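Structural characterization, general
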Amino acid sequence: MSTNSSGASGITESGEYPVSFGYQHANPGAGNESVLLRFGYPGGDGDACLLVDAGRNVDPSELLRPEDRLVGVCLTHAHFDHYRALSGTLDGDVPLFASPDTAAMIDDVLTVAATERGIQRSGAVEEAVVAIDGWTDVCPGVQVHPLPAGHAPGAAGFLVRFTDAEEAHDVVITGDFTLTDCAGYPGFDTGLATDIECLFLTAATDPNAGGTLTDALADTVEGALAGGRCLVTCGALTGVHVARLLAAVNSELGTDVPVRLVGQAAKLYETLGFEHDDVECVPVFDDPHSCLSPGTVTIAGPGVPNEESSGRLFRALEQDTAATVVQLVSSGGDPVTRGGCTTTGYAFSNHPTEDDLRTVVQSLEPAQTVITHQRGRTSRFNELPSCVRATGDGDSYTLYEAGTWVRPDWMTSVRKRDNAGGLRLGAFSDAFDDLPLPEIDRAAVPMLANEGVDVTVIEERIEAVDRDDTAPEQNDKRDDESTNDNPDTLPMSDAEPPSARDEHRLFETTATPEIDAEKPAEFSEELPEPTNLVTDRARRLLFDGSDSDTDEEVGADVEAPVAEGDNPGQQTTDEPAQLEEGGNDQDTLKGDDADEAVTKQSIEHEGGESVGDPTGSDSVVTIDGMTAALVRRHLADEESTKATAFVADEVEAFLASILAGDAPVESEPSVSVTVPDGLAPVLDDAVVAAGFADVDEAARDALTELLDGGETLAVPLGRLTSLVGTVAESDEYPFDTQRAVVETAVVRRLEETR
């Protein structure tokens, strides 16, 4: 297995840089999680093709023309529905790109899949694996870079950069993702410091993955602390996830619950190099009773304990009335409810909410968005602020050609989305080449809040156990003493009974008929559907191939309409069975009870106000009353909206100039008062008594009052959050906070216009 090596050299005889870029869904009739990216070269008859994931029914011989060449395969994560056709896609010198941890698991998951799922197995896959954690060449003018994706241990999305003769263009492929962390692996970062022009967005969602995890962990810890034997059944990668979270519960809440991983979950935990004093691994066992101990949590797969490791373990404690069985079912089958033990079942699919999908598109602001992991053509995502392609077929589509992003044939008109006050990176995209991208490295110890887990719920359940003075009597009956018929079978605690659960398949939708209409010179509210609400920048890229500030193409601004009656139902893949190797084929997509998007904590300034996270998790910076007053006086206007837009524009211009090296910065702006030595002690005592840190702060406060100021100004940074944070953290500049960067930009502008 190689690490960080270049991919196939590609079609060198056809030219140094690609001149076109397009895509083709690789298995639209199955999971539709796999997509073929096409790069065309000048003078070349065929395309250089990059396959992302190799799910069910992916067959390169059906996708590639004789003149095409497959230059690589990107594997987003080690779930069965994403790798099941790998062995049939790789031959010769085609590399398989994956994150280091996914690459490390390939041999383990393929071994189990070949034995238990009957897939084809060859040594070509292991030989082709290229573990990447930075920029890696795929073919001339094309590079890939992994991005954190949450979702599952080792999962990664990909940033694909292709360069034509003029400039670089960045494309993001999310793969299955979450905005929350997963087992300490960081979630998808929407604050990328680069100009994303195209987004391949996985549309599989779960309205409450964090709530499901919280309830399952609470059930598990409560059962173990009550002194009974506790079994958690799930896919192998989910088992690794749960084990890491249980260790985090012990660390954060002071509990002492031993964790025992059994079977494939134990193998993957060891392969990934995890070690924790509270976690024991038992890859192979003969006697199931040896793996089940009072007060200990045992984790095994598959999710429904009717077979394999979890089935053997469940039969060993089925009639133990003190035992607890928690089932995390990812796809196929219903949780068991038989026996005398307490059984709970949860449908678990670690995906983002529908609101999270919109957050990603609104944050990255792509010109083009391609919907994946959804079967059938649909117009349901047309309200997203981008040109949305959700065709659901296997045809090839051109996205970029001859220096221009190409709008779809059916998109004859667009509604302009009002983007006033937003910040665009396109004006200085060349300055972003060397900016750092989010790392895929996992944390040593997961933080429960970052994982979407509600710690207070678990604390309350733990306290309830501590208040219970009556410990249950242990009942450790062996298999030969148990009976199958027990009237005390407890119901599942899932939100829906097994009979009411949706079928595990992709939800099929139908699209609005195609349109044959001319693009109007002026906007009309009678435009035919479907029409996408696109950003000003995306609209210009699609219709005139430029990034200028002209609005003549479409006319007046119109507010984005609110979608009505959007009840998308459930969206799932249709894999039939449980995946011991961690597969998550359910991919539930529900739109009714979507959670609010998870927000991370912001960093506080010395004075206590929130100034934003330098890593890009906070998109609002608050400038103080004096600077805000100077802005309002400069504008001769008290409207905050106008002041906010002014500051945003100056931040954009300032960053463009310093990144280009045109505006060296020696210090951040400050107010300083020179005090004679004899007066210094007296003034120092006076300002401290008045509640100021020093004379300078007192002077700043007095000037603010003189300017009739005092009200702070909150400035949304939007997509520039990560960049402002990077500049604030960089040793090349004298800034300690994002606020200092913003205020410096404002002061520079005011100095130029005085």
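Scoring rules and cut-offs
Residues numbered from 1 in each chain as written. Predicted model: local features only at pLDDT ≥ 70, side-chain atom pairs only at ≥ 80, totals over all residues. Heavy atoms only, no water. Helix = DSSP H or I, 4+ residues; strand = E, 2+ residues; numbered from the N terminus. Buried < 20%, exposed > 50% of the residue type's maximum accessible area, 1.4 Å probe, protein only. Contact = heavy atoms within 4.5 Å. Areas by Shrake-Rupley, 256 points an atom, 1.4 Å probe, with all protein chains shown as cover. Lys, Arg positive; Asp, Glu negative; His and termini not counted. Salt bridge = Lys/Arg side-chain N within 4 Å of Asp/Glu carboxyl O. Polar contact = N/O pair within 3.5 Å; in protein donor to acceptor, adjacent residues only side chain to side chain. Pairing = 2+ DSSP bridges. Axes fitted to C-alpha atoms, helices over the stretch in contact; angles between N-to-C directions. Patch = residues over 30% accessible without salt bridge, like charges linked within 9 Å, V, L, I, M, F, W, Y side chains within 5 Å. Charge placed at Lys NZ, Arg CZ, Asp CG, Glu CD. Left-handed = near helix turned anticlockwise from the far one by under 90°. Nonpolar A, V, L, I, M, F, W, Y, C, P; charged D, E, K, R; others polar. Core = buried A, V, L, I, M, F, W, Y, C linked by side-chain atoms within 4.5 Å. pLDDT = per-residue confidence, 0-100. 1 Å grid on protein atoms, 1.4 Å probe; cavity = no way out; pocket = protein on both sides within 12 Å on 5 of 7 lines; lining within 4 Å. Points joined across faces, edges and corners; volume = space filled by probe spheres on them. Phe/Tyr/Trp six-rings, centres within 6.5 Å; stacked < 30°, edge-to-face > 60°. Lys NZ or Arg CZ within 6 Å of the ring centre and 35° of its normal.

Tallying secondary structure elements over the protein gives 18 helices and 26 strands in all. The buried share of the protein, taken over its 754 residues, is 57%. Long-range contacts, defined as pairs at least 24 residues apart, comprise 72% of the intrachain contacts of the protein with a sequence gap of at least 6. Just so you have it, the protein exposes about 30300 Å², and 44% of that area is on carbon and sulfur atoms.

By secondary structure assignment, the location of Asp81 is in helix H2 (residues 80–83). No salt bridge is formed by the buried Asp81. Its closest oppositely charged neighbour is Arg84, at 8.4 Å. In terms of polar contacts, Asp81 uses its side chain to reach the side chain of His82, at 3.5 Å.

A sheet is described by the order of its strands in space; here 6 strands give the open sequence E15-E14-E16-E13-E17-E18, paired in parallel fashion. The sheet terminates laterally at strand E15 (279–282) and strand E18 (342–347), the two strands that pair on one side only. When strand polarity is set aside, the average angle formed by the axes of neighbouring strands in this sheet is 20 degrees. Here 4 bridges tie strand E13 (residues 230–233) to strand E17 (residues 324–329), and the two strands are oriented parallel to one another. Residue pairing for E17: Leu231 is matched across the bridge by Val325. Running at roughly 160 degrees to strand E16 (residues 297–300), helix H7 (residues 236–253) makes contact with E13, strand E14 (259–262), E15, E16 and E17 of the sheet. Strand contacts of helix H9 (residues 308–317): E13, E14, E16, E17 and E18, with the helix running at about 155 degrees to E13, the strand carrying the most contacts.

On to a negative patch on the surface, then. A cluster of acidic residues, Asp684, Asp685, Asp694, Glu697, Asp701 and Glu705, forms a negative patch on the protein surface. Every element with two or more residues in the negative patch is listed here: helix H15 (680–689) and helix H16 (695–706). In terms of residue count, the dominant contributor to the negative patch is H16 (3 residues). If you trace the backbone, Glu705 turns up in helix H16. Assessed through its relative accessible area of 61%, Glu705 is described here as exposed.

Now for the packing of helix H13 (residues 625–635) against helix H18 (residues 738–753). It is at 11 Å that the axes of H13 and H18 come closest, and there the two elements cross at 35 degrees. In this structure, the crossing between H13 and H18 has a hand that is left-handed. Contacts between H13 and H18 involve Thr627, Leu630, Val631 and His634 from the first element and Glu743, Val746, Leu750 and Thr753 from the second. Along the lines of polarity and charge, the residues of the contact of H13 with H18 split into 4 nonpolar, 3 polar and 1 charged.

Sheet strands line up and pair through hydrogen bonds in the backbone, either parallel or antiparallel. Strand order in the open sheet made by the 7 strands is E8-E9-E10-E11-E12-E19-E20, with mixed pairing throughout. For this open sheet the edge positions go to strand E8 (136–139) and strand E20 (387–389), each flanked by a neighbour on one side alone. Sheet twist, expressed as the mean angle between neighbouring strand axes with direction ignored, is 25 degrees. Two strands pair when backbone bridges link them, and strand E10 (residues 156–163) and strand E11 (residues 168–173) are joined in this way by 6 bridges, in the antiparallel orientation. Bridge pairing links Leu159 to Val172 in E11. Here helix H10 (residues 354–364) sits on the sheet and contacts E11, strand E12 (196–202) and strand E19 (368–372); the angle it forms with E12, its principal contact strand, is near 170 degrees.

Ranked by size, the top nonpolar core spans 99 residues in total, and within it Tyr83, Leu86, Leu96, Val172 and Ile299 carry the most contacts. It is H7 that provides the largest number of residues to this core, a total of 10 residues. Not counting residues within four places of it along the chain, the set of residues in contact with Val172 comprises Leu147, Phe158, Leu159, Phe188, Leu192, Ile196, Cys198, Leu199, Phe200 and Leu364. If you look at the next biggest cluster of nonpolar residues, it comprises 36 residues, including Leu50, Phe97, Val160 and Leu542.

Looking at the protein as a whole, its pLDDT mean stands at 77, while 72% of the residues score no less than 70. For residues 5–14, every residue scores under 50 in pLDDT, and the model assigns this stretch 31 contacts once sequence neighbours within four places are set aside. Contacts for the low-pLDDT stretch residues 547–618, under 50 throughout, to residues beyond four places or in other chains number 243 contacts.

Another point: empty space enclosed by the protein. Applying the stated rule across the entire model yields 7 cavities of 30 Å³ or more. The computed volume of the second largest cavity comes to approximately 70 Å³. Lining the second largest cavity are 14 residues, and of these Glu33, Ile173, Gly175, Thr202 and Thr372 sit closest to its centre. Residues of the lining of the second largest cavity, tallied by class, amount to 4 nonpolar, 7 polar and 3 charged.

Next up on the list: unusual backbone geometry. That bond from Gly301 to Pro302 is cis: its omega, 0 degrees, falls within 30 degrees of zero. Turning to its location among the elements, Pro302 is positioned in the loop between E16 and H9. With a phi close to 55 degrees, Glu308 is a non-glycine residue in the positive phi region. Along the chain, Glu308 turns up in helix H9.

With 7 of its 8 residues buried, E10 lies for the most part within the structure. Hairpin geometry of E10 and E11 is characterised by an intervening segment of 4 residues between the two adjacent antiparallel strands.

This next bit is on helix H8 (residues 264–271). Restricting attention to buried positions, one finds in H8 the residues Gln264, Ala265, Ala266, Leu268 and Tyr269. Buried residues in H8 make contact with helix H4 (100–116), H7, E14 and E15. In the segment just after H8, Gly273 is the residue with positive phi, at about 80 degrees.

The tally for this structure, following the rule as stated, stands at 16 aromatic pairs. Ring centres 6.5 Å apart and planes at 80 degrees place the aromatic pair Phe21 and Phe200 in the edge-to-face group. One end of the pair, Phe21, is in strand E2 (residues 20–25); the other, Phe200, is in strand E12, and 179 residues separate them in sequence. Per residue, the accessibility class of Phe21 equals that of Phe200, and both read buried. Seen from their ring centres, Phe162 and Tyr400 are 5.2 Å apart, and the 65 degrees between their planes marks the pair as edge-to-face. Of this pair, Phe162 sits in strand E10 while Tyr400 sits in strand E21 (residues 396–401); the two residues are 238 residues apart in sequence, bridging distant segments of the chain. Of the two residues, Phe162 and Tyr400, both sit in the buried class. Of the aromatic side chains, those joined through ring pairs into one cluster are Phe21, Tyr23, Phe39, Phe162, Phe200, Tyr397, Tyr400 and Trp405. Here Arg117 stacks its cationic end above the ring of Phe80, 4.2 Å away from the centre of that ring.

Our focus in this paragraph is H13. Within H13 the residues assigned to the buried category are Gly625, Met626, Thr627, Ala628, Ala629, Val631 and Arg632. Following H13 by one or two positions, Ala636 has its phi on the positive side, about 55 degrees.

Let's shift gears to the environment of Leu179. Examined against the element boundaries, Leu179 turns out to sit in the loop between E11 and E12. Each C-alpha atom of the pair Leu179 and His351 lies 8.6 Å from the other, and the pair is 172 residues apart in sequence.

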